[in-house]
Amino acid sequence: VYVGVMKAVILSVNPAAQLVDLTHEVPPQDVRAGAFLLAQAMAWCPRGTVHLAVVDPGVGTARRAIAVESAGQFFVGPDNGLLSLAAKKISRAVILNIPRTASATFHGRDVFAPAAARLSLGEKLESLGRPAGRLLQLPKARGEIVWIDHFGNLITDLKTLKGELRAGDFRTRKLHRTYGEVGSGEPLALLGSHGFVEIAVRNGSAEKLLGISRGARVTTAR
Amino acid sequence: VYVGVMKAVILSVNPAAQLVDLTHEVPPQDVRAGAFLLAQAMAWCPRGTVHLAVVDPGVGTARRAIAVESAGQFFVGPDNGLLSLAAKKISRAVILNIPRTASATFHGRDVFAPAAARLSLGEKLESLGRPAGRLLQLPKARGEIVWIDHFGNLITDLKTLKGELRAGDFRTRKLHRTYGEVGSGEPLALLGSHGFVEIAVRNGSAEKLLGISRGARVTTAR
Amino acid sequence: VYVGVMKAVILSVNPAAQLVDLTHEVPPQDVRAGAFLLAQAMAWCPRGTVHLAVVDPGVGTARRAIAVESAGQFFVGPDNGLLSLAAKKISRAVILNIPRTASATFHGRDVFAPAAARLSLGEKLESLGRPAGRLLQLPKARGEIVWIDHFGNLITDLKTLKGELRAGDFRTRKLHRTYGEVGSGEPLALLGSHGFVEIAVRNGSAEKLLGISRGARVTTAR
């Protein structure tokens, strides 16, 4: 119901807003997975899109609430690294004003949704708060399973494969082009549609077959 | 696909309807959880909103189908208590006509969706059926876990805490302000953004850590 | 995030598109379940609806990408039988052009979403590709559990019951009218709102109580 309430708040401000759920598959509190998915999705969104992103374990603490403009799109959310992979070409950034009536546990409803709605109406970013300095960045990618999709495909943070890929007991030197190139039930690696190396099982779940979880290390060796 | 079909029915009647999914997280047949979430959500919805709510274990039996107006919003659904926490200031209420062609198992599609769509077009409530008397009310809240959210937070039906809160093995006398006030992995109670006492675990799931389920008793003692 | 990205692609082409999620409950790679649900849903959709359906285990292989018009609605997806139960009165069918830049693993985003968006703008089907011959059909229904819904109801591919229905250890000769006709926790069969015989448990899950899975055989005997 949290998402529905945020939409109700947005439509109260901008009844004509076109709302799209990019994803609700981010594991609870997993800021890196959220950042990864947002970066993936924004590449396909039209200019002027306002992204409302809430993976916010520090809600109500000193972490800042921000809104930024980057490459013609807007991003609203907590300053905890969540926006940092998507908003790579920031032209403007503000620290959002927190209304006195805001709850300490649901800034998605009380801070971010109203700000996103106002941006969708064409309000200026500057009207939402005061200029922000540098944003918090995520620690650099280090070779891991960043996300596991609905199919059980394991998405890594590697953009290419040099040498041998190793994750759990799985080993390969080959990047396939598509799932149909191996036998049914067999694992493979390929460069996924998101631009990252992905470990999959044809007609099956790599997560289950290989027993590899979110956050598992992925290494490459000669 | 049931929800998708209801939306298709609504858009067949009112192609310009703005549709929002408030929630699909209600456990099957859990009328009280549904009523709780609807009441929570409606507080954030704009005037004129039409709520279509279907948690309907008695579909096809003698339970009545109703539509009501309350505080400037409309509510359509079964008369089994589902609407009773949200529609607190009823100004008008009707028993919906059941079309002869309606199925006996999916009034969401055959009765409620068409009625909601007609209300969204501005049709009068009175045109949808005959006046209803008193609606069925839920038994009074009695101290329980009403709902467990996506994060594993345990939402109670208590609006405040006097004395010691007890749920399963968890005990506390303190209502925190936000999740970040305890150590990672530690449990706490706070007044949630929905206005009810909530038991949570910072960066974790209270449901899993405490082993408490939907419907568990919650008591308070001196 | 895959669905969100497809919506972003559609809205980039047709910003005014009205988007409805018919379902995301199809088990991975289960073409027959997808075909069944699409056929069920299309009966309730208004004329001119464009259906974008992606259950596509053969993506990037020789399987064809198609768009068809049937009974005043449009269907876009892989030619693997997914559309064959819904599109029963095909008036026109084309093999979609695959853009050179299309990925080999996500035709939903790179082929089907753009085609669906163009149809929603009123573009002619013929402009999207070259005429298709016969489409691939699914093997005939053979008496099985085609789909298990959110409530644990077991949906069969039988349209009526003659004699005794048998699925796992469950046996019945009676089709009930609605769930409330048996005691709480008891199993029953009825003709579901989708027009197929369904095995259910009142206030419970037939899947759990009977231990029957998707794909299980369903037979009838004198």
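Before going into details, it helps to say that this report is about the structure given with it. Because the structure is predicted, anything quoted here is derived from the model rather than measured.

### Details of the overall build of chain A
Link 1 in the chain: Across its full length, chain A carries four helices and 12 strands.
Link 2 in the chain: With respect to the three principal axes, the spread of C-alpha positions in chain A is 55 × 30 × 30 Å.
Link 3 in the chain: Each of the 222 residues in chain A was classed as buried or not, and the buried ones make up 55%.
Link 4 in the chain: In chain A, the share of contacts with a sequence separation of at least 24, taken over all contacts with a separation of at least 6, comes to 61%.

### Examining the interface of chain A and chain B
Interface size, as often reported, equals the accessible area lost upon joining of the parts.
Link 1 in the chain: Contacts between the two partners involve 25 residues from chain A, matched on the other side by 26 residues from chain B.
Link 2 in the chain: Summed over both sides, the interface between chain A and chain B buries roughly 2,100 Å², with carbon and sulfur atoms accounting for 59% of that surface.
Link 3 in the chain: The three residues of chain A that bury the most area against chain B are A:V1, A:Y2 and A:T105, which together make up 33% of that side's buried surface.
Link 4 in the chain: Where chain A touches chain B, the interface holds eight residue pairs in polar contact (both at pLDDT 80 or more).
Link 5 in the chain: In terms of residue count, helix α1 (residues 2–13) of chain A provides more of the side of chain A that touches chain B than any other element does, eight residues in total.
Link 6 in the chain: By residue class, the composition of the side of chain A that touches chain B is 14 nonpolar, eight polar and three charged.

### Observations concerning the sheet that holds strand β2 (residues 65–70) of chain A
Residue and element names in this part refer to chain A.
Link 1 in the chain: As summarised here, the arrangement of the five strands in space is β1-β3-β2-β4-β5, forming an open sheet in which the pairing is mixed. Each edge of the open sheet is held by one strand with a lone partner, namely β1 (50–52) and β5 (129–131). Across the sheet, the mean angle from the axis of one strand to that of its neighbour is 25 degrees, orientation sign disregarded.
Link 2 in the chain: Pairing between β1 and strand β3 (residues 73–78): three bridges, direction parallel. Bridge pairing in β3 links H51 to F75.
Link 3 in the chain: Docked against the sheet, helix α3 (residues 107–120) engages β1, β2, β3 and β4 (90–96), running at close to 170 degrees with respect to β3.

### Details of the relation of the copies chain A and chain B
Put simply, the second copy of the chain is the first one after a rotation about an axis and a shift along it.
Link 1 in the chain: In screw terms, the move from chain A to chain B is a rotation of 120 degrees and a rise of 0.0 Å along the axis, fitting with an RMSD of 0.0 Å. The relationship between the two copies is best expressed as a three-fold rotation axis. Considering only C-alpha atoms, the part of chain A nearest the rotation axis is A:Q18, at 5.1 Å.

### Observations regarding helix α1 (residues 2–13) of chain B
Residue and element names in this part refer to chain B.
Link 1 in the chain: Taking 1.5 Å per residue, 12 residues should reach 16 Å; α1 reaches 17 Å between its end C-alpha atoms and fits that length.
Link 2 in the chain: Most of α1 is tucked away, with nine of its 12 residues classed as buried.
Link 3 in the chain: Along α1, the residues that are buried comprise Y2, G4, V5, M6, K7, A8, V9, I10 and L11.

### Regarding helix α3 (residues 107–120) of chain B
Residues and elements named next belong to chain B.
Link 1 in the chain: Taking 1.5 Å of rise per residue, the 14 residues of α3 would be expected to cover 20 Å, and the 18 Å separating its terminal C-alpha atoms lies within 8% of that figure.
Link 2 in the chain: A maximum bend of about 35 degrees is found in α3 at A113, where proline P114 lies one to four positions downstream.
Link 3 in the chain: In terms of burial, α3 is largely enclosed, as 11 of its 14 residues are buried.
Link 4 in the chain: Here α3 has its buried residues at H107, G108, R109, D110, V111, F112, A113, A115, A116, A117 and L119.

### Some words on the environment of C:F151
Link 1 in the chain: Structurally, C:F151 is set in the loop between β6 (145–148) and β7 (154–156).
Link 2 in the chain: Taking the C-alpha atoms as reference points, C:F151 and C:A141, 10 residues apart in sequence, are found 23 Å from one another.
Link 3 in the chain: Those residues in contact with C:F151, other than ones at most four positions away along the chain, are B:Y2, B:P28, B:Q29, C:G204 and C:S205.

### Focus: the pairing of β6(C)
Along any regular strand the residues' side chains alternate between the sheet's two faces.
Link 1 in the chain: Pairing geometry for β6(C) and β7(C), over three bridges, is antiparallel. Bridging from a neighbouring strand, C:W147 pairs with C:I155 of β7(C).

### Remarks on the sheet that holds strand β1 (residues 50–52) of chain B
All names here are of chain B.
Link 1 in the chain: Judged by pairing direction, the sheet is mixed, and its five strands sit side by side in the order β1-β3-β2-β4-β5 without closing on themselves. Looking along the sheet, the strands with just one partner apiece sit at the ends: β1 and β5 (129–131). The mean inter-strand angle of the sheet, taken between neighbouring strand axes irrespective of direction, is 25 degrees.
Link 2 in the chain: Sheet strands touched by α3: β1, β2 (65–70), β3 (73–78) and β4 (90–96). Its angle to β3, the strand with the most contacts, is close to 170 degrees.

### Concerning the interface of chain C and chain B
Link 1 in the chain: Contacts between chain C and chain B engage 26 residues on the former and 25 residues on the latter.
Link 2 in the chain: Carbon and sulfur atoms supply 59% of the area that chain C and chain B bury against each other, a total of about 2,100 Å² over both sides.
Link 3 in the chain: The largest share of the area that chain C buries against chain B comes from C:Q18, C:W44 and C:S193, three residues that together contribute 28% of it.
Link 4 in the chain: Linking chain C with chain B are zero salt bridges.

### A look at the packing of α1(A) against α3(A)
Residues and elements named next belong to chain A.
Link 1 in the chain: Contact geometry for α1 and α3: axes closest at 9 Å, N-to-C directions at 40 degrees. As summarised for this structure, α1 and α3 are arranged oblique, according to the angle between their axes. The handedness of the crossing between α1 and α3 comes out as right-handed. From α1, V5, M6, V9, I10 and V13 reach across to α3, where they touch G108, R109, A113, P114, A117 and R118.
Link 2 in the chain: Across the contact of α1 with α3, the residue classes break down as eight nonpolar, one polar and two charged.

The rules behind these values
- Residues numbered from 1 in each chain as written.
- Chains lettered and ligands numbered in written order.
- Predicted model: local features only at pLDDT ≥ 70, side-chain atom pairs only at ≥ 80, totals over all residues.
- Heavy atoms only, no water.
- Helix = DSSP H or I, 4+ residues; strand = E, 2+ residues; numbered from the N terminus.
- Buried < 20%, exposed > 50% of the residue type's maximum accessible area, 1.4 Å probe, protein only.
- Contact = heavy atoms within 4.5 Å.
- Buried area = accessible area lost by both parts, 1.4 Å probe.
- Polar contact = N/O pair within 3.5 Å; in protein donor to acceptor, adjacent residues only side chain to side chain.
- Nonpolar A, V, L, I, M, F, W, Y, C, P; charged D, E, K, R; others polar.
- Pairing = 2+ DSSP bridges.
- Axes fitted to C-alpha atoms, helices over the stretch in contact; angles between N-to-C directions.
- Least-squares fit on C-alpha atoms with pLDDT ≥ 70 in both.
- Expected span 1.5 Å × (residues − 1).
- Bend = angle between axes of the 7 residues up to and from the residue.
- Salt bridge = Lys/Arg side-chain N within 4 Å of Asp/Glu carboxyl O.
- Parallel < 35°, antiparallel > 145°, perpendicular 65-115°, else oblique.
- Left-handed = near helix turned anticlockwise from the far one by under 90°.

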